[in-house]
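Below, each chain spelled out in residue letters.
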Amino acid sequence: MSQFPVLTIDGPAGSGKGTVAEHVAQTLGWQLLDSGALYRLVALAAQKKKIAFDDNSRLTELAETLDAVFLPCEEGSTEVRLDNKDVTQAIRSEDCGLMASKIAAKAGVRKALLKRQRDYLISPGLVADGRDMGTVVFPDAFAKVFLTASVEERAKRRFNQLNQKGVDVSLASLIIDIEERDFRDINRSEAPLIAANDAITIDTSHLSIKQVVAQVLAIVKNRQ
Ligand code: DC
């Protein structure tokens, strides 16, 4: 067991875990690990270097040597850099998310990212968000949360986000993307998306971010 506490927040795409993790980490003054960003960075780097999705050894090597930097900015946001270039927006595209989900099914890539993820645990504590934070990466975390929401609600949230950015996309296509990603993340043999036995599940379908953050902070307070 580590000397510093870890709060894991796992869940499917669009469950709100990224935003919730950011707010909770800021309130607690803890480090933040957005593990999905690491998988997205490997996907983006593979695309840039034209590495094929079936070239497992080059993908593993890429994950082992990934030059990724997360720079905390004002208001709690983070700039993500790959090979010293700002890719904060580029890694958030639907395409990059789908590629990341394919690459994340590979055992070599997951193994390469495991130590890197554990290195984020420094004083005074860590909020780690992803798919396998509570099951594989930090199995002895002191508090574990699993966020869910209906596919329709998650697609609607993504639709509104993209609409605000002026991106033209249909709700129906987002539902298909999310279902495809869920299916792959849940059914892969390596660290599939599943709630840890000792995780507390929160259905966020009818909750605001503020309400979910309050519930998660209450869970942390209860454990302290
Ligand atoms: O959370 P996200 O949407 O940024 O994650 C992108 C993809 O990365 C997701 O579809 C599956 C993968 N992923 C994973 O396999 N394990 C994690 N801990 C985080 C993300």
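Residues numbered from 1 in each chain as written. Predicted model: local features only at pLDDT ≥ 70, side-chain atom pairs only at ≥ 80, totals over all residues. Heavy atoms only, no water.

**Q** Now, about the overall build of the protein: what can you tell me, with residues and values included?
**A** Check the secondary structure of the protein and you find nine helices and eight strands. By principal-axis analysis of the C-alpha atoms, the protein measures approximately 50 × 40 × 35 Å. The proportion of buried residues among the 224 residues of the protein is 46%. Restricting to contacts in the protein with at least 6 residues of sequence separation, those with at least 24 account for 74%. Per element, the accessible surface of the protein, about 11,300 Å² overall, is 52% carbon and sulfur. (Helix = DSSP H or I, 4+ residues; strand = E, 2+ residues; numbered from the N terminus. Buried < 20%, exposed > 50% of the residue type's maximum accessible area, 1.4 Å probe, protein only. Contact = heavy atoms within 4.5 Å. Areas by Shrake-Rupley, 256 points an atom, 1.4 Å probe, with all protein chains shown as cover.)

**Q** Tell me about the sheet that holds strand 4 (residues 78-82), and name the residues and values.
**A** Pairing in this open sheet of three strands is antiparallel, and the strands run 3-4-5 from one edge to the other. Here the strands that pair on one side only, and so sit at the sheet edges, are strand 3 (68-72) and strand 5 (85-86). The pairing of strand 3 with strand 4 spans five bridges and is antiparallel. Bridging from a neighbouring strand, Val 69 pairs with Arg 81 of strand 4. (Pairing = 2+ DSSP bridges.)

**Q** Summarise the site of the ligand; cite the residues concerned and give the values.
**A** The environment of the ligand is formed by 16 residues, the closest being Arg 40, Arg 110, Arg 131, Asp 132 and Arg 188. Here an oxygen atom of the ligand sits 2.8 Å away from a polar atom, N or O, in the side chain of Arg 110. One of the side-chain N or O atoms of Arg 181 is found 2.9 Å from an oxygen atom in the ligand. The protein chains hide 97% of the 450 Å² of surface that the ligand would expose on its own. Taken together, the elements giving at least two residues each to the shell around the ligand come down to helix 2 (35-48), helix 4 (94-103) and helix 8 (171-187). The biggest single contributor to the shell around the ligand is helix 2, with four residues. Residue composition of the shell around the ligand, by class: four nonpolar, four polar and eight charged. (Near = heavy atom within 4 Å. Polar contact = N/O pair within 3.5 Å; in protein donor to acceptor, adjacent residues only side chain to side chain. Nonpolar A, V, L, I, M, F, W, Y, C, P; charged D, E, K, R; others polar.)

**Q** With reference to specific residues and values, describe the nonpolar core.
**A** Leu 41, Val 42, Ile 91, Val 109 and Phe 138 are the most contacted members of the largest nonpolar core, which has 36 residues in total. Setting aside residues no more than four positions away along its own chain, Leu 41 makes contact with Leu 66, Ala 68, Phe 70, Val 80, Leu 82, Val 87 and Ile 91. Formed by 17 residues, the second largest nonpolar core is a distinct cluster that contains Val 20, Val 127, Val 145 and Leu 147. (Core = buried A, V, L, I, M, F, W, Y, C linked by side-chain atoms within 4.5 Å.)

**Q** Give me unusual backbone geometry: which residues, what numbers.
**A** Cis geometry is adopted by the peptide bond preceding Pro 124, which originates at Ser 123 and carries an omega value of 0 degrees. As for its placement among the helices and strands, Pro 124 is situated in the loop between helix 5 (107-118) and strand 6 (126-130). The phi dihedral of Lys 50 falls on the positive side, at around 55 degrees, and the residue is not glycine. Within the element layout of this structure, Lys 50 appears in the loop between helix 2 and helix 3 (56-65). Not every positive phi belongs to a glycine, and Asp 83 is a case in point at roughly 50 degrees. The partly exposed category is assigned to Asp 83, whose relative accessible area is 36%.

**Q** Account for the pairing of strand 6, naming residues and giving values.
**A** By the criterion of burial, strand 6 is predominantly enclosed, with five of the five residues buried. Judged by which residues are buried, strand 6 turns out to be covered on both faces: Leu 126, Ala 128 and Gly 130 on one side and Val 127 and Asp 129 on the other are all buried. Strand direction decides the pairing type here: strand 1 (residues 6-10) and strand 6, joined by five bridges, are parallel. Residue Asp 10 lies in a different strand from strand 6, and its bridge partner there is Gly 130. Direction of pairing for strand 2 (residues 31-34) relative to strand 6: parallel, over a ladder of four bridges. Looking at the pairing, Gln 31 lines up with Leu 126 of strand 6.

**Q** Which residues make up the packing of aromatic side chains, and what are the values?
**A** Inspection of every chain in the model, using the stated rule, returns two aromatic pairs. Where Trp 30 meets Phe 142, the ring centres are 6.0 Å apart and the plane angle is 55 degrees; that geometry is what we call tilted. Highlighted residues: Trp 30 in the loop between helix 1 (17-28) and strand 2 and Phe 142 in the loop between helix 6 (133-137) and strand 7 (143-148), separated in sequence by 112 residues. For Trp 30, a relative accessible area of 11% corresponds to the buried category. Ring geometry for Phe 70 against Tyr 120: centres 6.2 Å apart, planes inclined by 75 degrees, an arrangement best described as edge-to-face. Of this pair, Phe 70 sits in strand 3 while Tyr 120 sits in the loop between helix 5 and strand 6, and the two are 50 residues apart along the sequence. Phe 70 sits in the partly exposed class, given a relative accessible area of 22%. (Phe/Tyr/Trp six-rings, centres within 6.5 Å; stacked < 30°, edge-to-face > 60°.)

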